[in-house]
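Now for the letters of each chain:
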Amino acid sequence: VAVAAVAAVAVPRLLMGGDKLVQPIEPGKPKRVVILGAGYGGTAVANELDKHPAVDVTVIDRRDYMMHKIGGLRAAVQDDWPKKVVIPRHKLLARGKLIRGNVKEVAKDHVLLDDGTKVPYDILVCATGSVSASPGEPGANVVSLEQVNQFFQATSEAVARATRVAIIGGGAVGLELAGEIRHAHPDKPVVLIHAAPKLVNSAAPALPDSFQTKVKSQLAEVKIDTYLGAQADLAPADFRGKPFLEGKRTIKLSTGEEVSADLVFNCMGNTLATSMYPAEWLDERGAVKVEPTMQVQGASNVFALGDITNLVENKMAYIAGSVHTPVVAANVLALAVESKPTRTHTPSDKSVMLVPLGADYGVTVTPIGTFGAFVSSRLKGRSLFVDQTWASNNLPAPLA
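Procedures and definitions
Residues numbered from 1 in each chain as written. Predicted model: local features only at pLDDT ≥ 70, side-chain atom pairs only at ≥ 80, totals over all residues. Heavy atoms only, no water. Pairing = 2+ DSSP bridges. Helix = DSSP H or I, 4+ residues; strand = E, 2+ residues; numbered from the N terminus. Axes fitted to C-alpha atoms, helices over the stretch in contact; angles between N-to-C directions. Contact = heavy atoms within 4.5 Å. Phe/Tyr/Trp six-rings, centres within 6.5 Å; stacked < 30°, edge-to-face > 60°. Lys NZ or Arg CZ within 6 Å of the ring centre and 35° of its normal. Buried < 20%, exposed > 50% of the residue type's maximum accessible area, 1.4 Å probe, protein only. Core = buried A, V, L, I, M, F, W, Y, C linked by side-chain atoms within 4.5 Å. Right-handed = clockwise from strand over helix to strand, strands pointing away. Expected span 1.5 Å × (residues − 1).

K.L.:
Hey, could you run me through the sheet that holds strand β16 (residues 258-266) in this one?
P.N.:
Strand pairing within a sheet occurs via backbone hydrogen bonds; the two strands may be parallel or antiparallel. With mixed pairing, 5 strands are arranged side by side in an open sheet as β14-β13-β12-β16-β15. The sheet is open, and its two edges are formed by β14 (224-228) and β15 (244-252), each paired on a single side. Direction aside, neighbouring strands of the sheet carry axes that sit 35° apart on average. Bridge analysis of strand β12 (residues 165-168) against strand β13 (residues 190-194) gives 4 bridges, and the strand direction is parallel. Note on β13: the bridge partner recorded for Ile167 is Leu192. Sitting on the sheet, helix α5 (residues 145-161) is in contact with β15 and β16, with an inclination near 45° to β15.

K.L.:
When you look at the packing of aromatic side chains in this model, what are you seeing that I'm missing?
P.N.:
Two aromatic rings, taken as a pair, are described by how far apart their centres are and by the angle between their planes. Within this structure, the stated rule accounts for 3 aromatic pairs. Over the ring of Trp81 we find Arg74, and its NZ or CZ is 5.1 Å from the ring centre.

K.L.:
I keep staring at unusual backbone geometry and nothing clicks. Help me out?
P.N.:
Across the chain, the bulk of peptide bonds are trans and the bulk of non-glycine residues have phi less than zero. Cis geometry is found at the peptide bond from Ala204 to Pro205, where omega equals 0°. Note on placement: Pro205 falls in the loop between β13 and α7 (209-221). Positive phi, normally seen in glycine, also occurs at Arg240, with a value near 50°. With respect to the secondary-structure elements, Arg240 resides in the loop between β14 and β15. For Arg240, a relative accessible area of 75% translates into the label exposed. For Met294, which is not glycine, the phi dihedral falls at a positive 70°. Structurally, Met294 can be placed in the loop between β17 (271-272) and β18 (295-296).

K.L.:
Can you walk me through the nonpolar core in this structure?
P.N.:
Looking at soluble globular proteins, one finds that nonpolar side chains tend to be buried together. Residues Leu49, Leu124, Tyr277 and Trp281 are the most contacted members of the largest nonpolar core, which totals 48 residues. Here the element with the most residues in this core is helix α8 (residues 317-336); it accounts for 6 residues. For Leu124, the contacting residues outside a window of four places in its chain are Val34, Leu36, Val106, Val111, Trp281, Asn301, Val302 and Phe303. Core analysis: the second largest hydrophobic core is formed by 33 residues, Leu175, Val200, Val215 and Val365 among them.

K.L.:
Explanation requested: the sheet that holds strand β22 (residues 369-371) in the structure shown.
P.N.:
Taken together, 3 strands build an open sheet; the order of strands is β20-β21-β22 and the sheet is antiparallel. In the strand order of this sheet, the two ends are held by β20 (353-357) and β22, each with one partner. Each adjacent strand pair in this sheet contributes to an overall mean axis angle of 10°, direction not counted. As paired elements, β20 and strand β21 (residues 361-366) share 5 bridges and run antiparallel to each other.

K.L.:
Any chance you could explain the environment of Leu73 here in plain terms?
P.N.:
Following the sequence through the fold, Leu73 ends up in helix α3 (residues 72-75). Once the C-alpha coordinates of Leu73 and Glu137 are considered, the two residues, 64 residues apart in sequence, prove to be 7.7 Å apart. When near neighbours in sequence (up to four residues on either side) are disregarded, Leu73 contacts Ser134, Pro135, Gly136, Val173, Glu176, Leu177 and Glu180.

K.L.:
Looking at this structure, how should I read the pairing of β13?
P.N.:
The side chains of a regular strand alternate, residue by residue, between the two faces of the sheet. A large share of β13 lies buried, amounting to 5 of its 5 residues. Residues of β13 alternate between two faces, with Val190, Leu192 and His194 on one and Val191 and Ile193 on the opposite face, all of them buried. Regarding topology, helix α6 (residues 172-184) serves as the crossover connection from β12 to the parallel β13, and that connection is right-handed. Bridge count for β13 against β14 is 5 bridges, and the pairing is parallel. Within the sheet, the bridge partner assigned to Leu192 lies in β14 and is Thr226. Crossover handedness for the path β13 to α7 to β14: right-handed.

K.L.:
Before we go on, may I ask you to explain α7 in this structure?
P.N.:
At 3.6 residues per turn, the α-helix brings residues three or four places apart onto the same side. For α7, built from 13 residues, the straight-helix expectation of 18 Å at 1.5 Å per residue is met to within 8% by its first-to-last C-alpha distance of 18 Å. Directly after α7, the chain includes Lys223, whose backbone phi takes a positive value near 60°.

K.L.:
What am I meant to see in α5 here?
P.N.:
Here α5 is 17 residues long and its end C-alpha atoms lie 24 Å apart, about the 24 Å a rise of 1.5 Å per residue gives. Residues of α5 that are buried: Leu145, Val148, Asn149, Phe151, Phe152, Thr155, Ser156, Ala158 and Val159.

Below you can see the structure in the form of C-alpha cells.
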C-alpha cells in the first residue's frame, strides 16, 4: 500500500526553513528549547516539554513525518506495512513548532541549517540518532513520501525476485531481517553471515549465553543457515550506500567456505549522526559525552539522549524514549526555571533486548530471564509497537 496517502495530512503545521534569523524571544518569555531529531527520543522529549508553559519547543528534523524504524524491516518485505511505519507529525505538538531542515552546524547559541536559517536556542536537546544502510531505514537522501514508498517497494520486489538471499551482519538488524524474509517467504533460502563468533556481539552489557542458545535454535528451526566467525569478502563500501546488491555471486568467507546468492543485504553496523556538533562535545568514536544528568560535558544548557551518547548501554528505542526522556525532560524544565538539574541516569549492568524473528519467533532478554518465541512474539514480534508509536505522535494507527 502506497505511503503517499498520508501526504495530505503530513504538512500543515510544518515551518519550512528560510534564509533569515528566527526572531529571538523577548526577556521574560519562556525559554527557547530546540530539539534536534524527532525519532523515538526526540519525539518523547517534545511530547513531554510541549505541555509546559516554561518552555517554547521547536523540533527540527529532515522529514515531516516520523520513520518508525522498528517496523521498517517488515515494511521492506511486506507491501502492506509501509503505511504503518510512516507517521505524520502534524499533531505532535500543540504549542510548539516543527521545522523541516537539515542541520549543518551547532553553535553555542544557535543551530545553523543547510539553507542558511539560524535557529537560536536557550536550551538544546540533541537526539539525532544513528544511520545505517539497513533496508528498513531509508537514507538521508530519501525524504519525500514518494521516495520512501519507492525505497520499500524496491526492496520487497528484490526479495520476491531472489532465489537465495544472503545477509551480512548478525546484529539485531541482520537477525530481524532474516526473520522477516523467512516469515514472508517461507520457502526462500536465507543465509546469515556474521564475522564474530556470537550473534549481536556488540550488545552492552553483553547478552547471556541463553540468548545465543535460543536464537540459534530458532534459526535452525526456521531453516536459516548461519555462518558465525566468518568474515565475508564484501565490505560496507562495496554496497555504495545501498542496502542490497542484486545478481548472482559467490561470497567467499574467511573460513574457506563459499556462499552463493543472488541478493545480498548489508546489515553491518551504523554511523552516529553527530557531525554537526562541536568537536569538544564528542569522544574519539564521535559519540556525545554526557554527564549523569544527560547534560553534555562542558555545555550545561545542552542535553543529549539516545544512540548518540557515549553511555555504555544497548542503543534501543526503549532506552531513548522511556529511560533517557524522563531525565532529560525533568532537567530541561529545571534549567528553564533557573533551578539545578537533579535527575540522573546510570546505565544498567543488566542486559535488556528484544529481537523478533518475524511475527512468530524471537528472543527476549530481561534481568529476570531469557524468553523465547511465545513471549517475544506477543511483546513485540506481532505488533512491532505500531500503535504505541503512532500514539506518541498523538495519532491513531492505521487499520490493518
